[in-house]
Every structure is written in C-alpha cells, then in structure tokens.
Amino acid sequence: YYIATDNGLYIYDSSKNDTTYLFKNTTIHNLVQLSYNYYAVCTDNGVFLGNLESGFNQIDLGELGIPNDLIQIGDKTYLTTSEGFFEVKNRQSNQWKVQPLIFDYPSEFEFYQMEMGIDGCLWVSSENGLYRYQTLSDTYNYFYKGYEFNKRASYNAGKSLYFGGI
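Since the model is a prediction, treat every value here as computed from it, not as a measurement. (Residues numbered from 1 in each chain as written. Predicted model: local features only at pLDDT ≥ 70, side-chain atom pairs only at ≥ 80, totals over all residues. Heavy atoms only, no water.)

K.L.:
What is the right way to read the sheet that holds strand 14 (residues 129-134) from this model?
P.N.:
Sheet strands pair by backbone hydrogen bonding; their relative direction is either parallel or antiparallel. Taken together, the 4 strands give an open sheet; going across it, the order is 12-13-14-15, and neighbouring strands pair in antiparallel fashion. Looking at which strands have only one partner, the edges of the open sheet turn out to be strand 12 (111-116) and strand 15 (139-143). Taken pair by pair, the neighbouring strands of this sheet meet at an average axis angle of 20 degrees, ignoring direction. In this sheet, strand 14 lies alongside strand 13 (residues 122-126) in antiparallel orientation, the contact comprising 5 bridges. (Pairing = 2+ DSSP bridges. Helix = DSSP H or I, 4+ residues; strand = E, 2+ residues; numbered from the N terminus. Axes fitted to C-alpha atoms, helices over the stretch in contact; angles between N-to-C directions.)

Listed below in structure tokens is the structure:
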C-alpha cells in the first residue's frame, strides 16, 4: 500500500508488516498510478516518476512552480501547479516540455485538483474558481469566479464530482 501524507510517502507491506519511507519531511500533493507499478508523485520538491523496484527519478519542471496534481487521460498528461495549468508534451525524458492551457489568469495564479467528468471534460479547481476544460476542443468554461477551492479536496464519485472550498 502507498500512503501519501503531509510528512512523506509511506509504503506498507502487509505480508511482512513492514513500512518503507520515501520522500521524508515533504508534503505529498498527489500520488498517481500511470500504468501497472509505475507512479507519479507530486511533492513540494517537484514531480517524481518510478516505483519501488527501479526507484523514483525527479522531473525538471523548470519555473513551473510546485506541482499540485497530475492526471493521465489516454496518451495525454495534464499538470496543475502553483503557476498554472499545463499539458505535458514530452513525458519520455526527465525534462518535461509543457504547454499552458488557460491564459486569462493573473501571474502566480494557483491551480489545484483535477477530475475527469462523465461529460468528457477535465474539471480543474483553483484559488479563484472552477474550470471545465474540454480536452478535445481545447476550450474551457469558468465557474465560481472569486471562490477559492481547497488545494487537496476533490473526489470523483462517477456521476458526480466534488470539490472542497474554503
């Protein structure tokens, strides 16, 4: 079991009743399984890719800020950070190339959690509202302008999406 906390990532092996600690003393914003036994970990110190067997490698995000969430939809990967909302264009190397997706926000505007809706759109919470990003047409709608959502509070219940507010 992988257990993400505000104080690191813990891996619990129930067969041995043993715990391994990774990323000690750092906040884990999200842990995403990208494929079988391959994970992305968003931390205060950046994004790390890998698993227990091969280890985790840090991705160079450049000036993109602190990663909050990462989601993979088909062959596309999306990233929210303290500096914006991006599509990752080259996930094959340790230095990602990204494209900003929403441009009408002030600098240092933080995007938080992402959830895929049954409408096929990616819903993205932020410090100043909620966005519905249409991945096929590369367009978006903006809701609840001026309302700050909670940085790590979202849940996809199938037919309903939940985002926590402040």
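Resuming the write-up.
K.L.:
Help me out: how do you make sense of the environment of Asn30 in this one?
P.N.:
With respect to the secondary-structure elements, Asn30 resides in strand 4 (residues 28-35). Exposure remark for Asn30: the relative accessible area of 17% places this residue in the buried category. Look past the residues within four positions of Asn30 in its chain and what remains in contact with it is Ala40, Val41, Cys42, Asn68, Asp69, Leu70 and Gln113. (Buried < 20%, exposed > 50% of the residue type's maximum accessible area, 1.4 Å probe, protein only. Contact = heavy atoms within 4.5 Å.)

K.L.:
Hey, could you run me through the pairing of strand 8 (residues 67-73) in this one?
P.N.:
Both faces of the sheet carry side chains from a regular strand, because those side chains alternate between them. For strand 8, a buried count of 5 out of 7 residues is recorded, marking the element as mostly surrounded by other parts of the structure. Here strand 8 pairs with strand 9 (residues 76-81) via 6 bridges, running antiparallel. Pairing of Leu70 across the sheet is with Leu79, part of strand 9. Hairpin connection, strand 8 to strand 9: the antiparallel pair is bridged by 2 residues, and Gly74 has positive phi, about 65 degrees.

K.L.:
Would you mind going over the pairing of strand 4 with me for this structure?
P.N.:
Direction of pairing for strand 4 relative to strand 5 (residues 38-43): antiparallel, over a ladder of 6 bridges. In the strand pairing of strand 5, Leu31 is matched with Val41. The turn joining strand 4 and strand 5, which pair antiparallel and follow one another in sequence, is formed by 2 residues; a positive phi near 60 degrees is taken by Asn37.

K.L.:
Mind showing me how you'd approach the environment of Thr77 here?
P.N.:
Within the secondary structure, Thr77 sits in strand 9. When the C-alpha atoms of Thr77 and Asn7 are compared, they prove to be 26 Å apart, with 70 residues separating the residues in sequence.

K.L.:
Can you help me understand the nonpolar core in this one?
P.N.:
Nonpolar side chains tend to gather and get buried jointly when the protein is soluble and globular. Judged by nonpolar contacts, the single largest core of 14 residues is most densely connected at Val47, Leu49, Leu61, Leu70, Leu79 and Trp96. Those elements that place two or more of their residues in this core are strand 4, strand 5, strand 6 (46-51) and strand 10 (84-88). With 12 residues, the next largest nonpolar core counts Tyr78, Phe85, Ile102 and Tyr133 among its residues. (Core = buried A, V, L, I, M, F, W, Y, C linked by side-chain atoms within 4.5 Å.)

K.L.:
For this particular structure, what's the right way to read unusual backbone geometry?
P.N.:
Most peptide bonds are trans, and most residues other than glycine sit at a negative phi. One non-glycine residue with positive phi stands out, namely Asn17, at about 50 degrees. Following the sequence through the fold, Asn17 ends up in the loop between strand 2 (8-13) and strand 3 (18-22). Located in the positive-phi region is Asn25, a residue other than glycine, with phi close to 60 degrees. With relative accessibility at 68%, the residue Asn25 sits in the exposed group.

K.L.:
Would you take a moment to explain the pattern of salt bridges for this structure?
P.N.:
Two side chains carrying opposite charge are able to pair once their charged atoms lie near each other. Per the stated rule, a full pass over the model turns up 2 salt bridges. Between Arg152 and Asp6 there is a salt bridge, with the nearest N and O atoms lying 3.0 Å from each other. Linking Arg152 in strand 16 (residues 149-156) with Asp6 in the loop between strand 1 (2-5) and strand 2, this pair joins segments that are 146 residues apart in sequence. Between Glu110 and Lys151 there is a salt bridge, with its nearest N and O atoms 3.0 Å apart. In this pair, Glu110 is assigned in the loop between strand 11 (98-100) and strand 12 and Lys151 in strand 16, connecting sequence segments 41 residues apart. Since its relative accessible area comes to 13%, Glu110 is described here as buried. (Salt bridge = Lys/Arg side-chain N within 4 Å of Asp/Glu carboxyl O.)

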